[in-house]
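# Coordinate inspection notes
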Amino acid sequence: MNLRRSSRRPRGFTLLELIVVITIIGILGTLVVVRVAGWVGKTKTTKIKSDLQTIVKVAEMYYLEVGHYPETIEEIRSATGPDGEKLSYELNETTDPWGNEYFFELRDGKPSASCYGRDGVPGGEGEDEDFHYPEERGAEY
């Protein structure tokens with residue numbers, strides 16, 4: 001029977017190796033979170049712009065079928081044709097990503113839709129930024 005101790009080191013990682021690996025994983029995780037957070041803001045902006053365009057396009061379809069522009073989004077939803085049959089429009093989204101209702105109005109006789117951002121009031125930056133369609137500055141989305 002051999003009672004001598006083995007000169008081999010026990011298998012496993014040293015504390016230093018574990019600290020280095022955990023630090024690298026933490027740094028990589030932070031980079032991923034920072035990148036993904038930027039995408040969330042971009043998706044909200046894209047959704048808002050798409051929803052505003054849809055509202056205006058549906059108001060234009062309403063005009064073609066009824067003969068005048070609607071005064072409100074609710075008027076679009078409850079529209080009836082000349083024969084009294086309910087008109088069906090694909091207007092599913094009338095709230096922004098924060099749950100605020102989009103604003104609809106007629107400007108110079110033409111339909112316009114707006115979103116006032118997270119805070120729901122005109123003006124602001126970042127998530128409180130305002131969006132309009134068609135854009136007030138003349139540029140199109």
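Below you will find a few notes about this structure. (Residues numbered from 1 in each chain as written. Predicted model: local features only at pLDDT ≥ 70, side-chain atom pairs only at ≥ 80, totals over all residues. Heavy atoms only, no water.)

## Section: the overall build of the chain
Using the following cut-off: Each helix is a run of DSSP H or I of at least 4 residues and each strand a run of E of at least 2, with the numbering of both proceeding from the N terminus. Relative accessible area decides the class of each residue, using a 1.4 Å probe on protein chains only: under 20% of the type maximum gives buried, over 50% gives exposed, and in between gives partly exposed. Residues are treated as being in contact if the distance between any of their heavy atoms lies within 4.5 Å.
When helices and strands are tallied, the chain shows two helices and three strands. Counting the 141 residues in the chain, one finds 23% classified as buried. Residue pairs at least 24 apart in sequence account for 41% of intrachain contacts in the chain once pairs closer than 6 positions are excluded.

## Let's talk about the packing of aromatic side chains
For clarity, the cut-off: Stacked, edge-to-face and tilted are the three classes for Phe, Tyr and Trp ring pairs, Trp counted by its six-membered ring, which pair at centre distances within 6.5 Å; planes under 30 degrees apart are stacked, over 60 edge-to-face, the rest tilted.
Counted by the stated rule, this structure contains two aromatic pairs. Geometrically, the ring pair formed by Y63 and Y69 is stacked, given 4.5 Å between the ring centres and 20° between the ring planes. Residue Y63 is classed as partly exposed on the basis of its relative accessible area of 37%. The interplanar angle of 45° and the centroid separation of 4.7 Å between the aromatic rings of F103 and Y116 together place this pair among those described as tilted. In this pair, F103 is assigned in strand β1 (residues 103-107) and Y116 in the loop between β2 (110-115) and β3 (131-133), connecting sequence segments 13 residues apart. Using a relative accessible area of 39% as the deciding quantity, one classes F103 as partly exposed.

## Topic: the nonpolar core
The test is simple: The nonpolar core is taken to be a set of buried Ala, Val, Leu, Ile, Met, Phe, Trp, Tyr and Cys residues, with the residues joined through side-chain atoms within 4.5 Å.
Core analysis: the biggest nonpolar cluster contains 19 residues, and L52, I55, I76 and Y89 have the highest contact counts within it. A per-element tally of this core places helix α1 (residues 15-66) first, with seven residues.

## Comments concerning the pattern of salt bridges
So the rule is basically this: Here a salt bridge means any side-chain nitrogen of Lys or Arg lying within 4 Å of a carboxyl oxygen belonging to Asp or Glu.
Applying the stated criterion across every chain, the model contains five salt bridges. Residue R118 pairs with D128 through a salt bridge whose shortest N-O separation is 3.3 Å. A residue pair is termed long-range when its members are at least 10 positions apart, and R118 in the loop between β2 and β3 and D128 in the loop between β2 and β3 qualify at ten residues. We classify R118 as partly exposed; its relative accessible area is 44%. Taken together, the shared-partner salt bridges in this structure form one network comprising K44, R118, E127 and D128.

## Focus: unusual backbone geometry
With an omega of -10°, the peptide bond between Y133 and P134 qualifies as cis. By the element assignment, P134 lies in the segment after β3. Phi is positive for D108, close to 55°, though the residue is something other than glycine. Along the chain, D108 turns up in the loop between β1 and β2. Exposure remark for D108: the relative accessible area of 82% places this residue in the exposed category.

## Overview of the sheet that holds β2
We apply this condition: Two strands pair if DSSP finds at least two bridges between them. The axes used here are C-alpha line fits, helices contributing only the stretch in contact, and every angle between their N-to-C directions lies in the interval 0 to 180 degrees.
Reading across the sheet, the three strands line up as β1-β2-β3 and stay open at both edges, with antiparallel pairing between neighbours. Both outer strands of the open sheet, β1 and β3, are each paired with one neighbouring strand and no more. Neighbouring strand axes in the sheet, compared pairwise and without regard to direction, differ in orientation by 25° on average. Pairing analysis gives three bridges linking β2 to β3, with the strands arranged antiparallel. Each bridged residue has a counterpart across the sheet, and for C115 the counterpart in β3 is F131.

## Comments concerning the side chain of H132
Just so we agree on the cut-off: Under the rule applied, a polar contact is a pair of N or O atoms within 3.5 Å (in protein, one hydrogen donor and one hydrogen acceptor; residues adjacent in sequence only if both atoms are side-chain atoms).
Among the structural elements, H132 can be located in strand β3. A relative accessible area of 12% means that H132 is categorised as buried. Only 2.8 Å separates the side chain of H132 from the side chain of S114, close enough to count as a polar contact.

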